[in-house]
Amino acid sequence: MLRYFLAITFLASFINAQIIPRDQLFSDPKYSSVSLSPDGSIIAYLAPNEKGISNIFTKCVTCQHTKVVTFDNKRHINGFQWTGVPNVMLYYQDLDGDENYKLYKLNITNPSPQNEPHIISDRPGVKAAIIANNLVDRRVLIGLNDENPAYHNVYELDLYTNEMTRIFHNKRFPPQIIVDNDLQIRLVAEEADDGSLIYLRPSSKANPRKLTSDKDTWVQYLKVSPEDRPLTLELILDN
Ligand SMILES: *[C@@H]1O[C@H](CO)[C@@H](O)[C@H](O)[C@H]1NC(C)=O
């Protein structure tokens, strides 16, 4: 009798089942890039504003209210990062998905539409990338392919003064630049003709504050064969 009852309830649950609405599976998430500030006091996330454009919102962890800190009604904000300087964020936007990211610095202490972000790079056709951000220093490393679309120069940005200093003039290496926790460039990588990946470290001739891609300023550190590449890359980047 019990078994019969269970079978009926089981079947009934199928009959009542509804198809999951398509937009719940495929639409943009309401909240994304949720991220805690380095001091643990604020949660920030991306969400659409009332015009449906993705902007940055913040919420203090010990209180309930939420506020919007960017006021863009035209272009979506694609992503953001906290920095080591309190209340200072970096965020990026592209033009209709062209992936040529423009990069901005924003002080979120007093959010208002009049509080303009500082433009780090908004040149058309240039793709800005955050190469390193240790969430401690007042400096971050920014990559800009401002000379040749294939190669990123690396600049150190001072988050207080907005001064940009080029520390790596790069005419050779793809933007797979490995940086340590003190924001020192340690390794670059270059593909060899046989498909292996060669990692190079700065030689004794290199000035770490003024690197170039000249041959005598880099020495081979590691050669990774084509079949070992996928795993080896992950291990190096995780460290
Ligand atoms: C951010 O803005 C606040 C308030 O105007 C100011 O006190 C603080 O120095 C600013 N931070 C930076 C890094 O400029």
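Whatever comes next refers back to the structure up there.
Here the structure is a predicted model, which is why all the values come from computation and not from measurement.

Enquirer: Which parts of the structure should I look at to understand the overall build of the protein chain?
Expert: Regarding its fold elements, the protein chain presents 3 helices and 17 strands. Whereas a compact globule of 239 residues would reach a radius of gyration of roughly 18 Å, the protein chain reaches 24 Å, over 25% beyond that. The principal-axis extent of the C-alpha atoms belonging to the protein chain is close to 85 × 50 × 35 Å. The buried share among the 239 residues of the protein chain stands at 37%. Once local pairs closer than 6 in sequence are excluded, the contacts in the protein chain between residues at least 24 apart make up 32%. With an accessible surface of roughly 15,100 Å², the protein chain has 53% of that area assigned to carbon and sulfur atoms. The protein chain carries 25 positive and 29 negative side-chain charges, and their two centres are separated by 3 Å.

Enquirer: Can you help me understand the side chain of Lys 102 in this one?
Expert: Considering the arrangement of structural elements, one finds Lys 102 in strand β7 (residues 102–107). In terms of polar contacts, Lys 102 uses its side chain to reach the backbone carbonyl oxygen of Asp 122, at 3.4 Å. Filtering out sequence-adjacent residues up to four positions away, Lys 102 remains in contact with Arg 75, Tyr 91, Tyr 92, Gln 93, Ser 121 and Asp 122.

Enquirer: Where do I start with the layout of surface pockets in this structure?
Expert: Over the atoms a probe the size of a water molecule is rolled, and this reveals where empty space is left. Roughly 290 Å³ of volume is contained in the second largest pocket. Along the walls of the second largest pocket sit 19 residues, with Phe 71, Asp 72, Tyr 91, Glu 116 and Pro 117 positioned nearest its centre. Secondary structure elements with two or more residues in the lining of the second largest pocket: β6 (88–93) and β7. Within the lining of the second largest pocket, the residues separate by chemical class into 9 nonpolar, 6 polar and 4 charged.

Enquirer: Help me understand the pairing of strand β15 (residues 197–202), please; the structure alone is not making it clear to me.
Expert: The side chains of a regular strand alternate between the sheet's two faces. Of the pairings in the sheet, the one linking strand β14 (residues 185–191) to β15 comprises 4 bridges and is antiparallel in character. From the neighbouring strand, Ala 189 faces β15, where its bridge partner is Tyr 199. Between β14 and the antiparallel strand that follows it, β15, lie 5 residues; Gly 195 among them carries a positive phi value of about 90°.

Enquirer: Whenever I open this one, the sheet that holds β6 confuses me. Can you help?
Expert: Paired through backbone hydrogen bonds, the strands of a sheet run either parallel or antiparallel to each other. If you trace the 4 strands from one edge of the open sheet to the other, you get β5-β6-β7-β8, paired in antiparallel fashion. Only two strands of the sheet have a single neighbouring strand rather than two, namely β5 (79–82) and β8 (118–121). Strand-to-strand twist of the sheet, defined as the mean angle between neighbouring strand axes without regard to direction, takes the value 25°. Relative to β7, β6 runs antiparallel, the two sharing 6 bridges. Bridge pairing in β7 places Met 89 opposite Leu 106.

Enquirer: I'm lost on the site of the ligand in this one. Help?
Expert: Lining the immediate surroundings of the ligand are Val 85, Val 88, Asn 107, Thr 109, Asn 110 and Tyr 160. Here an oxygen atom of the ligand and a side-chain polar atom of Asn 107 are 2.3 Å apart. Contact with the protein chains removes 50% of the 360 Å² of surface that the ligand exposes when unbound. Of the residues that constitute the shell around the ligand, the class distribution is 3 nonpolar, 3 polar and no charged.

Enquirer: Looking at this structure, how should I read the environment of Gly 84?
Expert: By the secondary structure assignment, Gly 84 is in the loop between β5 and β6. Take Gly 84: its relative accessible area is 22%, and that puts it in the partly exposed class. Taking the C-alpha atoms as reference points, Gly 84 and Asn 162, 78 residues apart in sequence, are found 14 Å from one another. In contact with Gly 84, other than residues within four places in its own chain, are Asn 133, Leu 135, Val 136 and Asp 137.

Enquirer: Quick question: what am I supposed to make of the state of the cysteines here?
Expert: Chemically, a disulfide is nothing more than a covalent bond linking the sulfur atoms of two cysteines. Using the criterion set out here, one finds 1 disulfide in the structure. The partner cysteine of Cys 60 in its disulfide is Cys 63, sulfur to sulfur 2.0 Å.

Enquirer: Sorry, what's going on with the packing of aromatic side chains here?
Expert: The description of an aromatic ring pair uses the distance of the two centres, along with the angle that the planes make with each other. Applying the stated criterion to the full structure yields 7 aromatic pairs. Geometrically, the ring pair formed by Phe 168 and Phe 173 is tilted, given 6.4 Å between the ring centres and 35° between the ring planes. Assigned by exposure class, Phe 168 and Phe 173 land together as buried. Members of the aromatic cluster, connected to one another through ring pairs, are Tyr 31, Tyr 45 and Phe 57.

Enquirer: Could you clarify how one ought to interpret the sheet that holds strand β3 (residues 54–60) in this entry?
Expert: The strand order β1-β2-β3-β4 describes an open sheet built from 4 strands, whose pairing is antiparallel. Two strands close off the open sheet at either side, each with one partner strand: β1 (32–36) and β4 (66–68). Strand-to-strand twist in this sheet, taken as the mean axis angle between neighbours without regard to direction, amounts to 25°. Examined bridge by bridge, β3 and β4 share 3 bridges and lie antiparallel to one another. Directly across from Thr 58, in β4, lies its bridge partner Lys 67.

What counts and what doesn't
Residues numbered from 1 in each chain as written. Predicted model: local features only at pLDDT ≥ 70, side-chain atom pairs only at ≥ 80, totals over all residues. Heavy atoms only, no water. Helix = DSSP H or I, 4+ residues; strand = E, 2+ residues; numbered from the N terminus. Rg over C-alpha atoms; globule rule 2.2 N^0.38 Å. Buried < 20%, exposed > 50% of the residue type's maximum accessible area, 1.4 Å probe, protein only. Contact = heavy atoms within 4.5 Å. Areas by Shrake-Rupley, 256 points an atom, 1.4 Å probe, with all protein chains shown as cover. Lys, Arg positive; Asp, Glu negative; His and termini not counted. Charge placed at Lys NZ, Arg CZ, Asp CG, Glu CD. Polar contact = N/O pair within 3.5 Å; in protein donor to acceptor, adjacent residues only side chain to side chain. 1 Å grid on protein atoms, 1.4 Å probe; cavity = no way out; pocket = protein on both sides within 12 Å on 5 of 7 lines; lining within 4 Å. Points joined across faces, edges and corners; volume = space filled by probe spheres on them. Nonpolar A, V, L, I, M, F, W, Y, C, P; charged D, E, K, R; others polar. Pairing = 2+ DSSP bridges. Axes fitted to C-alpha atoms, helices over the stretch in contact; angles between N-to-C directions. Near = heavy atom within 4 Å. Disulfide = S-S within 2.5 Å. Phe/Tyr/Trp six-rings, centres within 6.5 Å; stacked < 30°, edge-to-face > 60°.

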